[in-house]
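Given next are the chains, with one letter for each unit.
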Amino acid sequence: MKIRTLLVDDEDLARIALRRALEQEHDIEIVGEAANGIEAIEMIEELRPDLVLLDIEMPGFDGFEVVQQLTDPPVIVFVTAYDEYAVRAFEANAIDYLLKPVQPERLARALARVRQRIPPRSGEHGGKVKEIARERSGPVRRIAARRGKRIVIVPLREVIRVEIEDKLVFAITANDRLLVEKTISELETVLEPSGFLRISRGELVNLEMVKELVPWFSGTWRVKLANGEERDVSRERARQLKEAMGVE
Amino acid sequence: MFRFGRGPLPSREILPALAKWLVFGAVTGPFWSAFFTLFTSVSDALRIFVTPSAIFWSSVTGVVFSLCFFIACGLGNGYLRVLMKDYPPAIIRVVYVIYNAVAASLACAVSFLIVMSLPTGAHIVVPFFWQVVAVDGVIGAVLALVIGAFIRLKLQVEESQTKLREQELAVRELAIAASQAQSRALQSQINPHFFFNTLNTISALVEDDPIAARQMIGRLADLFRYTLGCTNADAVTLGEEVQFVRDYLSIERARFRKRLRVDLPEGVLPDVRIPGLVLQPLVENAIKHGIAPLIDGGSVSVSIARSAAGFRVSVRNTADEHELPELAAMFRPGHALDNVRARLRLFTGQAEPLSVDRGADWVEFSVTLSDAPRHVEAPAAA
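Basis of the calculations
Residues numbered from 1 in each chain as written. Chains lettered and ligands numbered in written order. Predicted model: local features only at pLDDT ≥ 70, side-chain atom pairs only at ≥ 80, totals over all residues. Pairing = 2+ DSSP bridges. Helix = DSSP H or I, 4+ residues; strand = E, 2+ residues; numbered from the N terminus. Contact = placed C-beta atoms within 7 Å. Nonpolar A, V, L, I, M, F, W, Y, C, P; charged D, E, K, R; others polar. Axes fitted to C-alpha atoms, helices over the stretch in contact; angles between N-to-C directions.

(A) Broad picture of the pairing of strand S13 (residues 210–215) of chain A. Judged from the five bridges that link them, S13 of chain A and strand S14 (residues 221–225) of chain A form a sheet pairing that is antiparallel. The residue bridging proline 215 of chain A from the neighbouring strand is tryptophan 221 of chain A, located in S14 of chain A.

The structure is reproduced here in structure tokens:
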């Protein structure tokens, strides 16, 4: 059984070099190449590779941001030319990484470890990788969303709220409504550190966008948002919301 | 008593000064009285010193005169100074002399009135009214001249000493700044990111395109040679600096391919000097913060334009305003731009040598170089 591998690097020469090095390995099958963070997210979710060789410095989303947006990350090997802080974090957490230019014996060593991780026995690796990414790039600032067929980057400070409609999740901005390919619970986990809060079963709000909090019927509350919308807050979420807003 | 060249006496010093001049008047009173009595009789003058009542009343007279003088001239000159501060020194001196002569005579007349209201025993100098007025007026004017000249001399000496100290300080600061510029130039050598990325590119090229790989190694060597040559903080010509940027960009283009578009000035460039390694960090910053985050890339252009103050060199690039870090972050101490700015400050003498312009999708950094810029030599030691 071959290890289905995705190469992610914004430099085509770097991908060529990686591809050539990996061609020597008989159990590696390269299923795709992505040239930026958006393509990476798209291809990881579409192709579901076993292994991703992920460059850190990239346009769109950088390597860490890509990891933060993945619900269930595959085995990741970070690739970097020079990032001493990241390297220190990788070393401390036994996360695999490669330094550019990639040397064949280093690649062989990293692949040997990867083979032991596949198939993934637990979410341990994914958790650790996400933790490092979180540590390195702070709370998520942007998410990938879909406008028609295109994937676009949406800065979170523009998102007013997130809602479910017919099992689909949408991010709502001042003048747009974008499809996000995640469940609301997944999104809640990703966005909570960035200042979003679940106000009901099907809705998240950006706390920055909350203008007013009004008592409603039988222990429920209503929020008035920056775009003039009013949304209901369920009884069990009201306390958390008030806490987050600094009242009570 | 005359307070030339200084402002009014602070109020809490008035009482001690009055006490001082009171003692002065009491001690010198008999001598003044004796001096004026000399106009009629030497024996009368000497008699003052052996007659207790004459010593007492001449001391009292001395006190009256001394205090009137102090109030008219001493305190008066202080206020005169404030009133006259905007006039040229020559006029001030004439006014001082006239004022002091008049004030001294007036003080004298007032003193006479006071002394005449005292018991008759005090009237020792009363017969010499005109002599006293004339002598006091002359004394006031002469003292105004002498003390005025003395104070002017003192001020000049102080001024030249301050100037000397400031010059010494400025020289020391320049030397420190020059040596800092030297070490900054050392720091601003090839960025390690760039170095490793270039090695990576070369490594990828080796098999497919050995000629291109060899070219790139040559260019990297050129870049290193240039940065090593720039470490002594000397200025280079604009042409040399632009050529360096061209070599640097040719390597970056091998990495970024179509994502990086470049526009550099062609042909003969004006013969202007610029500190070495100023333009390339600006271009590198433009790529790192402006173009690299853009999926479709962008362009960077270097342009040179004649301006009133000299030549304006600008680095302009595509950038997404949301992606661009705050300027304060770009100018963090120890970072490349802060370094460039500090060196330009020293070289041009301008407080803000780097101007920044930005729009929704572009940023421009500019520096204006004069035709004959101030150039500070780094100290020989290092």
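Back to the write-up after that little detour.
(B) Representation of the interface of chain B and chain A. Counting from both sides, the interface comprises 17 residues of chain B and, opposite them, 15 residues of chain A. For the side of chain B that touches chain A, the element with the most residues is helix H6 (residues 192–208) of chain B, which contributes 10 residues. Residue classes in the side of chain B that touches chain A are distributed as nine nonpolar, six polar and two charged.

(C) Main features of the sheet that holds strand S2 (residues 28–34) of chain A. All names here are of chain A. With parallel pairing, five strands are arranged side by side in an open sheet as S2-S1-S3-S4-S5. Every other strand in the sheet has two partners, leaving S2 and strand S5 (97–99) as the edge strands with one partner each. When the angles between neighbouring strand axes are averaged without regard to direction, this sheet yields 20°. The pairing of strand S1 (residues 3–8) with strand S3 (residues 51–55) spans four bridges and is parallel.

(D) Structural context of the sheet that holds strand S2 (residues 260–263) of chain B. All names here are of chain B. One open sheet holds the five strands; their spatial order is S2-S4-S5-S7-S6, and the pairing between them is mixed. For this open sheet the edge positions go to S2 and strand S6 (354–358), each flanked by a neighbour on one side alone. For this sheet the average axis-to-axis angle between neighbouring strands, irrespective of direction, equals 15°. Pairing of strand S5 (residues 310–318) with strand S7 (residues 362–369) involves eight bridges; the strand directions are antiparallel. Bridge assignment links valine 315 to a residue of S7, and that residue is phenylalanine 365. Along the sheet, helix H9 (residues 279–291) makes contact with S2, strand S4 (298–307), S5 and S7, crossing S5 at roughly 25°.

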